[in-house]
Every structure is written in structure tokens, then in C-alpha cells.
Amino acid sequence: MRLPRFFSSAACDMAIDLGTVNTVIYVRDRGIVLNEPSVVALETRQGVRRVKVVGNQAKLMMGKTPAGIEAIRPLRDGVIADLDIAEQMIRHFVDKALDGGRYRRGHAIVICVPSGSTMVERRALRDAASNAGAASVRLIEEPLAAAIGAGLPVTEPRGAMVVDIGGGTTEVAVLSLSGIAYSGSARIGGDRMDDAIASHIRRAHNLLIGEATAERVKCQIGAATLPEGDGIRLRVKGRDLVNGRPAEVQISEAEIARALADPVAQIIAAVRAALEQTPPELSADIIDEGITLSGGGALLGRLDEALAEATGLPVRIADNPLICVALGAGRALEQAAYQSILASL
């Protein structure tokens, strides 16, 4: 049987964290080889859509495309929204991660999935990877991969809690003995925070800003708790909704913290719900281990302090939270201690 063009003669396994905001790829024996935005720029000619650019180049086009070109995210809330475009994006990223074809042939791909995803959503991920050329596809739940990537003792009879805050979802899980004792998923993440910031600036300042600007504001002055006084101030540019002209306003860290109060409260509520459902013996372990945060949302200013105050537990941010899930999935591929986890999926 002739193999798809996607593969060549050298075996290679990889793990993919196919995120709403970023896609991270881990290749066996090479580590993280790709970390790019999950964005595709499409060009429409004579009614036919084709992929123009993917990843970093496509993200630069968001909100700035001319007629006939649109930049989209084929994933929303951690699941595939456009299967055909997602397949092309995966093919492009894997092709780039494997240096255009030096390593390939019939290798297995492990894809990270939200713990709360449905069977239909998981099947869509499998189909997208298979149609992109993977010989076999296995799935690993994101909280489990995040815990492995953060170095938590997931194979031991000890409870550990991980909160993975991505662009589309927040995954909360209690882990023990290579399994998930409790998991919860809330459709709240970095994208919802960006929306909250854009909505606040529109209401308070009559200024319309785009996704990229809202994300920049979140990264520079976003915080989960109020600072002393107004905190840091930042100038933001956009379109004035009153007169339609370009305009610039100054916003403070305090007002952005108030704008983010609702998303942060939902994350805290998801963590509290997990703690209420945790068996008592595992709860005793979590008192010692604390809560580990991963994902890009973990970098929101003072979020660890807000969670620690709300739960009374120690909270730490994982090393490399942005690539923690992909690292964990890659280690599950490489290390014998985690083979049972992949075998059971």
C-alpha cells in the first residue's frame, strides 16, 4: 500500500496540543519543535477558498485583511469548529515541525483533548489528524498531560490538583494513580477574558478595539485582583464609536481588573466545585501538594494569589505553563511509566 505523501521512511512519534489560541508540537527525542498561533488565513478566488498562510503570519493578518482574504481560528472553546480548515492547519504544522519531510512515516500522533469534550468532538479531532496523514491517533486529556508536564506525581497514590487555563476552556482535575479522580471543564479562558476587556473599553470609553489589542491589554496590565490605587496605566488605540474616527484613550490596571472579575470568578467557581467533589483522602493530599496552574491563562497577573485566597490552599504556576500540556503528552510518549495512560485511551 502506498503511504500518503505526508510520510517518508523514518518512524517518528509526536504529541500535539491543538489549542484554541496556539498549537504546540512535541517530537520524540527532539522536544518542543513548534509553537505557533492556531490561525489560518484563507483566500477566496472565484468562490473557492484556499489556505494562504498559517500560524504566525496568519495571526499578523487578523483584523487587517483586505476583501477576499480572512484570518480565522478553526478551533473554538478547545474543539474543532471547521474540520476541513483544521485538517489543513494540522498538515501544515506537522510538515513544518518535521522539517518538510526528513523524518516521517506512519508514526503515531497523540492529541490533547479537553476533559469535557464529547465523543463527537473527540472523533472530529481523530478524523482531522487521520485525514492530515497520521497512521494512528491517540488522545490524552489535557489536565493529565498538564500534570505530567508540570512534574506532578500522577503515577503515585497521592492526590494532585491541576488547573489548565487555555484560550477556550479551563480544565480542573484531581489526579491519582495515573488516572483522573475528578475532572471538570468550563468554557471560560483567555478568549473570554479578551472579550470582557473589549466590552469594558467599548462601554466605558466608547472605543472599539480588536482581538489583538484586547489580548495585548490583558498581557500587559491584566490582573485577577485590584492593585493599590489605579495601578499601571496604558494607552489604547481604536475607533471612536461616537464620531467614527481613530482615537486613543488611557486605561488603568484597576479598571481592567474589574472588567476581568467575572471570568476570574468563574474560574474560581470551577476550582471550588472540584474541591467539593474530591474524596477526603485526596483532599488531604491536596493540602500538602496545593494547586498547580498551567496554560496561558495562568500568567494572568495575581491569579495565583486570587485562587490561594479563595481556597486557602497553596497555589503555584507550573514551569513553562504555555507549553506544559505538550511537554506532558510528549513525556507520556517517551517514558515507560506513562505507557499505561496512553494504552488505556
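Since we're looking at a predicted model, the values are computed, not measured.

## Concerning the overall build of the protein chain
On a plain count of helices and strands, the protein chain comes out with 12 helices and 18 strands. The principal-axis extent of the C-alpha atoms belonging to the protein chain is close to 65 × 65 × 30 Å. Per-residue burial for the protein chain yields a buried fraction of 52% across its 345 residues. Put simply, 63% of the contacts in the protein chain that link residues at least 6 apart link residues at least 24 apart.

## Topic: the side chain of Lys218
Relative to the elements of secondary structure, Lys218 occurs in helix H6 (residues 211-221). Discounting residues that sit within four places of it in the chain, Lys218 has contacts with Gly190, Met193, Asp194, Ile197 and Leu300.

## Some words on the nonpolar core
Met161, Val217, Ile251, Ile291, Leu293 and Leu303 are the most contacted members of the largest nonpolar core, which totals 40 residues. Ranked by residues supplied to this core, first place goes to helix H8 (residues 261-277) with 6 residues. Once residues lying within four places of it in the same chain are set aside, the contact partners of Leu293 are Val163, Ala298, Leu303, Asp304, Leu307, Val315, Arg316, Ile317 and Ala318. In terms of nonpolar packing, the next biggest core, distinct from the first, is built from 30 residues, Met14, Val27, Ile80 and Leu125 among them.

## Focus: the pattern of salt bridges
A complete count under the given rule lists 17 salt bridges for this structure. Across the pair Arg28 and Asp13 runs a salt bridge, and its minimum N-O distance is 2.8 Å. Placement of Arg28 in the loop between strand S2 (22-27) and strand S3 (31-37) and of Asp13 in the segment before strand S1 (14-18) is noted, with a sequence separation of 15 residues between them. Under the relative-accessibility criterion, Asp13 is labelled buried at 19%. For Glu215, the salt bridge is made with Lys59, and the minimal N-O distance between the two is 3.4 Å. One end of the pair, Glu215, is in helix H6; the other, Lys59, is in helix H1 (residues 56-61), with 156 residues separating them in the sequence. Given a relative accessible area of 29%, Lys59 falls into the partly exposed group. Via salt bridges that share partners, Glu43, Arg45 and Arg50 belong to a single interconnected network.

## Here's the deal with the sheet that holds strand S10 (residues 136-141)
Strand order in the open sheet formed by 5 strands is S3-S2-S1-S9-S10, with mixed pairing between adjacent strands. Edge strands, defined here as strands with exactly one partner in the open sheet, are S3 and S10. Shown here is a sheet whose adjacent strand axes are inclined to one another by a mean of 20 degrees, direction ignored. Two elements, S1 and S2, share 5 bridges in a ladder whose sense is antiparallel. Within S2, the residue paired with Leu18 across the bridge is Thr23. In the packing of helix H3 (residues 119-131) onto the sheet, contacts are made with S1, strand S9 (108-113) and S10, and the angle to S10 comes to roughly 140 degrees. With respect to the sheet, helix H4 (residues 142-149) is in contact with S1, S9 and S10, its orientation differing from that of S10 by roughly 80 degrees.

## Thoughts on the sheet that holds strand S5 (residues 48-54)
Reading across the sheet, the 3 strands line up as S5-S4-S6 and stay open at both edges, with antiparallel pairing between neighbours. The open sheet terminates on both sides in strands that have one partner only, identified here as S5 and strand S6 (69-72). Neighbour-to-neighbour, the strand axes of the sheet open up by a mean angle of 30 degrees, direction not taken into account. Where strand S4 (residues 40-45) meets S6, 4 bridges bridge the pair, whose relative direction is antiparallel. By the bridge assignment for S6, Ala41 is matched with Ala71. Contacts from helix H2 (residues 83-97) reach S4, S5 and S6 within the one sheet, and its direction differs from that of S5 by about 35 degrees.

## Re the packing of helix H5 (residues 190-205) against H6
Where H5 meets H6, the closest approach of the two axes is 9 Å, and the angle between their N-to-C directions is 100 degrees. Relative to H6, the element H5 lies roughly perpendicular. Residue-level contacts link Gly190, Met193, Asp194, Ile197 and Ala198 of H5 to Ala214, Glu215, Val217 and Lys218 of H6. Across the contact of H5 with H6, the residue classes tally to 5 nonpolar, 1 polar and 3 charged.

## A few points about the confidence of the model for the protein chain
Residues of the protein chain with pLDDT of at least 70 account for 92%, and the chain-wide mean is 88. Segment residues 1-11 is flagged for pLDDT under 50; beyond a separation of four residues in sequence, or across chains, it makes 29 contacts in the model.

## Digging into the UniProt feature "binding site: ATP" (unreviewed entry) in the protein chain
Under the local residue numbering, the UniProt record ascribes the feature "binding site: ATP" (unreviewed entry) to Gly167, Gly168, Thr169, Glu215, Arg216, Val217, Lys218, Gly296, Gly297, Ala298 and Leu299. Checked against the element boundaries, Thr169 lands in the loop between strand S11 (160-165) and strand S12 (170-176). Apart from residues no more than four positions distant in its own chain, Thr169 is found in contact with Asp77, Gly78, Pro114, Glu142, Asp164, Ser185, Ala186, Arg187 and Ile188.

## Some remarks on the side chain of Glu142
Looking at the secondary structure, you find Glu142 in helix H4. Comment: no salt bridge for buried Glu142; closest opposite-charge side chain is Arg122, at 9.4 Å. Glu142 has contacts with Asp17, Cys112, Val113, Pro114, Asp164, Thr169, Glu171 and Val325, leaving out every residue within four places of it along the chain.

Calculation notes
Residues numbered from 1 in each chain as written. Predicted model: local features only at pLDDT ≥ 70, side-chain atom pairs only at ≥ 80, totals over all residues. Heavy atoms only, no water. Helix = DSSP H or I, 4+ residues; strand = E, 2+ residues; numbered from the N terminus. Buried < 20%, exposed > 50% of the residue type's maximum accessible area, 1.4 Å probe, protein only. Contact = heavy atoms within 4.5 Å. Core = buried A, V, L, I, M, F, W, Y, C linked by side-chain atoms within 4.5 Å. Salt bridge = Lys/Arg side-chain N within 4 Å of Asp/Glu carboxyl O. Pairing = 2+ DSSP bridges. Axes fitted to C-alpha atoms, helices over the stretch in contact; angles between N-to-C directions. Parallel < 35°, antiparallel > 145°, perpendicular 65-115°, else oblique. Nonpolar A, V, L, I, M, F, W, Y, C, P; charged D, E, K, R; others polar. pLDDT = per-residue confidence, 0-100. UniProt positions renumbered as here; feature names shortened; annotations may be inferred. Lys, Arg positive; Asp, Glu negative; His and termini not counted.

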